[in-house]
Number of protein chains: 2
Amino acid sequence: MNEKKPPHPNRPIGRERDMARAEKTSDQLCAAYPVRGGDGPSSYAVNSVYQRGAVAAAKEFISKAIEEKLGTEILLSSKTFRIADLGCAVGPNSFFSAENIIEAVQLKYKSQGLNSQTLEFQVFFNDITANDFNKLFRSLPSNRQFYAAGVPGSFYGRLFPNASINLFHSAFAIPWMSQVPKAVMDRNGPAWNKGRIFYSDASDEVVSAYEAQNAEDMERFLHARAQEIVSGGLMVFFIPGRPDGTPHSHTLPNVIYQILGSCLMDLARKGVVDEEKVDSFNIANYLMSSKELENAVERNGRFSIERRENLDHFFAHDTVYKSPQLLASQIRASLEGLFKQQFGDEILDELFELYGKKLEEQQSMVESGKAVVFLLFLDA
Amino acid sequence: MNEKKPPHPNRPIGRERDMARAEKTSDQLCAAYPVRGGDGPSSYAVNSVYQRGAVAAAKEFISKAIEEKLGTEILLSSKTFRIADLGCAVGPNSFFSAENIIEAVQLKYKSQGLNSQTLEFQVFFNDITANDFNKLFRSLPSNRQFYAAGVPGSFYGRLFPNASINLFHSAFAIPWMSQVPKAVMDRNGPAWNKGRIFYSDASDEVVSAYEAQNAEDMERFLHARAQEIVSGGLMVFFIPGRPDGTPHSHTLPNVIYQILGSCLMDLARKGVVDEEKVDSFNIANYLMSSKELENAVERNGRFSIERRENLDHFFAHDTVYKSPQLLASQIRASLEGLFKQQFGDEILDELFELYGKKLEEQQSMVESGKAVVFLLFLDA
């Protein structure tokens with residue numbers, strides 16, 4: 001039996017139509033779509049359950065990193081410990097993460113012989129401006145041990161004052177690029193992505209454009225964080241990635257998008273969808289290899305990789321792959337808003353019904369896809 | 001010609017139904033209703049224009065206070081200046097206030113021979129959790145000179161870590177109490193407010209209950225701020241109040257609510273509205289006298305009144321009083337959501353049409369109402 005991994009269908013999606021807006025205001029540089037709000041069966045909050053499992057499973061790693069690596073001077077120098085979660089969506093995973101981190105910091109504080117009662121926590125929940133912060137705020141745990149704040153804006157730009165955050169956290173958000181690469185949207189250029197909606201099964205030119213966009217985004221991401229983090233601070237990121245030696249097209253979340261793209265082309269051939277619209281539509285998500293990730297950190301030069309765990313066994317999650325319908329509904333939950341805007345409301349049922357069927361037909365391809373989530377600890 | 005002042009029809013309203021919730025979670029202690037969102041002609045953003053005038057008019061006072069009173073040690077000790085606006089609603093007045101304050105702090109910084117380029121600003125926009133933070137975030141100025149964050153929760157409880165805010169600002173929000181006084185909601189008690197929706201034209205028992213609730217709220221408000229403000233910090237509050245020597249029932253915003261209450265009773269007599277619903281409905285707003293305000297500050301004991309301006313001439317705003325229809329639509333803009341929940345959607349048109357007529361009939365009473373807005377500067 002092949003190893004099975006879930007996709008990460010819970011994050012916003014970039015697309016070209018927002019790029020003009022992205023150029024206007026720095027806090028909208030992340031030309032991305034918010035996750036679907038609401039509490040219905042296909043909403044983000046429900047479908048993010050498997051990620052909660054991942055966060056719980058990684059709790060031990062995080063506690064250990066905080067215990068071993070968090071600069072002691074931080075705990076001594078301030079009575080307020082500030083945490084920022086980048087790409088928080090609408091909860092509740094972001095709350096669980098914050099609570100895990102706080103617990104670990106309190107333990108560390110006590111282990112230094114300090115009175116943890118005097119330490120206060122402030123947690124900044126960040127996502128793009130289009131995120132549903134109202135929903136996030138309304139679902140904040142009432143018994144929380146921290147002061148909460150929401151910070152709207154793209155994490156590819158500055159979000160916080162200099163040296164003001166003790167610990168950055170981000171789960172599953174970093175693969176979402178700031179925008180679809182411009183080259184891919186150039187109808188007359190070599191990277192025009194005709195007949196596809198993603199890079200992993202596309203021409204070398206498209207792959208290169210995605211690679212370059214990701215490299216540029218990572219540079220901006222790390223540059224901003226380097227200014228915002230306090231000396232001795234820690235960054236903890238869950239980054240779905242591409243396993244070493246696995247081609248883009250065989251990496252698991254990518255396989256899922258490829259099949260969805262082929263469904264759109266089927267509908268285009270049937271005349272249900274305008275083919276032009278498929279050509280000009282791309283999902284702004286890129287999965288780095290461990291090498292690309294290391295290179296990005298090295299190029300920035302302000303952080304050292306304290307530790308990198310390759311979480312693969314944590315992400316086995318049979319149910320979703322044994323039920324192509326469930327998988328289709330998860331993907332629909334995260335992409336519906338995006339597809340609606342590009343293709344119209346009326347194709348959604350047909351598209352995702354076809355998608356469910358195709359996932360079933362190609363189940364062996366899905367199951368043979370390889371996945372990894374890098375759990376990365378960076379020291380400032 | 002009598003002096004004419006506008007009401008302050010732009011803030012959320014407390015009511016009993018939320019009190020149970022208020023008892024559950026500390027961040028919802030302010031059992032208040034959010035202002036009406038959206039951009040329509042009767043929305044908050046449009047109707048708050050007159051307050052913008054007030055903020056602009058008071059700019060000079062604020063600049064002067066910052067120049068003279070803001071502790072210099074604050075500017076030297078940190079590279080980040082943190083501002084919190086309490087009761088921000090959905091903008092844009094909150095943004096104008098923040099910009100005015102930032103400009104004044106930069107001037108002060110320069111006047112100390114410091115390089116204001118190195119100073120960064122972080123502005124926390126606070127309002128109750130039910131506020132439309134999505135709208136607030138989407139309308140943040142794109143060219144802002146500050147890092148923005150939203151903080152949901154009642155300002156009658158703690159919102160920020162100890163000693164973390166340099167300057168608190170609040171405009172027109174403080175009269176909104178955390179809840180309708182419990183005594184006023186006791187059907188069998190002496191303060192049951194039968195046939196009225198407000199305290200100013202009610203029995204002594206009702207007035208006392210409002211007074212006591214306000215005193216308790218002010219105690220909690222100042223206690224929380226005293227912990228959150230840095231030493232040498234400044235608080236700047238616009239507080240609509242009751243002019244010395246003016247009875248509650250002749251104070252201007254109160255007159256406006258009294259007339260609205262009488263309209264509801266007219267509808268109750270006509271059988272359009274259930275009288276029981278009028279009896280159990282109260283607006284949780286209280287206007288302090290200067291003495292009450294001073295007493296509250298004194299009782300808390302952690303702040304000194306640096307200055308108190310009585311802004312009355314700034315608030316003359318003929319247009320709204322010369323047009324009872326305009327006034328009625330302003331009041332509707334702010335109270336619609338509240339009235340809808342208590343009395344149902346279907347009475348709104350009739351209620352506010354009647355209200356417009358009554359305001360016209362009683363224009364001399366409106367125009368003879370006295371008003372004051374205290375601009376209060378408190379030193380930590």
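Refer to the preceding data block for the structure.
Reading the values: the criteria
- Residues numbered from 1 in each chain as written.
- Chains lettered and ligands numbered in written order.
- Predicted model: local features only at pLDDT ≥ 70, side-chain atom pairs only at ≥ 80, totals over all residues.
- Heavy atoms only, no water.
- Salt bridge = Lys/Arg side-chain N within 4 Å of Asp/Glu carboxyl O.
- Axes fitted to C-alpha atoms, helices over the stretch in contact; angles between N-to-C directions.
- Helix = DSSP H or I, 4+ residues; strand = E, 2+ residues; numbered from the N terminus.
- Parallel < 35°, antiparallel > 145°, perpendicular 65-115°, else oblique.
- Left-handed = near helix turned anticlockwise from the far one by under 90°.
- Contact = heavy atoms within 4.5 Å.
- Nonpolar A, V, L, I, M, F, W, Y, C, P; charged D, E, K, R; others polar.
- Buried area = accessible area lost by both parts, 1.4 Å probe.
- Phe/Tyr/Trp six-rings, centres within 6.5 Å; stacked < 30°, edge-to-face > 60°.
- Buried < 20%, exposed > 50% of the residue type's maximum accessible area, 1.4 Å probe, protein only.
- Lys NZ or Arg CZ within 6 Å of the ring centre and 35° of its normal.

Examining the pattern of salt bridges
Link 1 in the chain: Inspection of every chain in the model, using the stated rule, returns 43 salt bridges over all chains.
Link 2 in the chain: Put simply, A:Lys64, A:Glu68, A:Lys69 and A:Glu306 are held in one network by salt bridges that share partners.

Some words on the packing of helix H9 (residues 252–269) of chain B against helix H14 (residues 348–361) of chain B
Residues and elements named next belong to chain B.
Link 1 in the chain: Close contact between H9 and H14 brings their axes to 9 Å; oriented N to C, the two are set at 125 degrees. Taken together, the axes of H9 and H14 lie oblique to each other. Seen along the crossing, H9 lies across H14 with a hand that is right-handed. Taken together, the residues of H14 that come into contact with H9 (itself represented by Ile-256, Ile-259, Leu-260, Ser-262, Cys-263, Leu-264, Asp-266 and Leu-267) are Glu-350, Leu-351, Phe-352, Leu-354, Tyr-355, Lys-358 and Leu-359.
Link 2 in the chain: Taken together, the residues of the contact of H9 with H14 sort by class into 11 nonpolar, one polar and three charged.

A closer look at the interface of chain A and chain B
Link 1 in the chain: At the junction of the two partners, chain A supplies 30 residues and chain B supplies 30 residues.
Link 2 in the chain: For the pair chain A and chain B, the summed buried area comes to about 2400 Å², and 53% of that belongs to carbon and sulfur atoms.
Link 3 in the chain: In terms of surface lost to chain B, no three residues of chain A exceed A:Phe137, A:Tyr147 and A:Pro161, which account for 22% of the buried area on that side.
Link 4 in the chain: Our count for the contact surface shared by chain A and chain B stands at two salt bridges.

Focus on the packing of aromatic side chains
Link 1 in the chain: With the rule as written, the count across this model stands at 45 aromatic pairs over all chains.
Link 2 in the chain: Taking 5.9 Å as the distance between ring centres and 55 degrees as the angle between the ring planes, the aromatic pair formed by A:Phe125 and A:Phe146 counts as tilted. Of this pair, A:Phe125 sits in strand E2 (residues 120–127) while A:Phe146 sits in the loop between helix H7 (133–138) and strand E3 (147–152), placing them 21 residues apart in sequence.
Link 3 in the chain: Here B:Phe133 and B:Phe137 contribute two aromatic rings whose centre-to-centre distance is 6.2 Å and whose plane-to-plane angle is 55 degrees, an arrangement assigned as tilted. In this pair, B:Phe133 and B:Phe137 are both assigned in helix H7 (residues 133–138), four residues apart and thus about one turn of the helix distant. Across the pair, B:Phe137 and B:Phe133 agree in class, each one buried.
Link 4 in the chain: An aromatic cluster is built from A:Phe124, A:Phe160, A:Phe168, B:Phe124, B:Phe160 and B:Phe168, whose rings are joined through pairwise contacts.
Link 5 in the chain: A cation over an aromatic ring shows up here: A:Arg225 above the ring of A:Phe221, its NZ or CZ 5.0 Å from the ring centre.
Link 6 in the chain: The ring of B:Phe168 carries B:Arg225 above its face, with NZ or CZ at 5.4 Å from the centroid.

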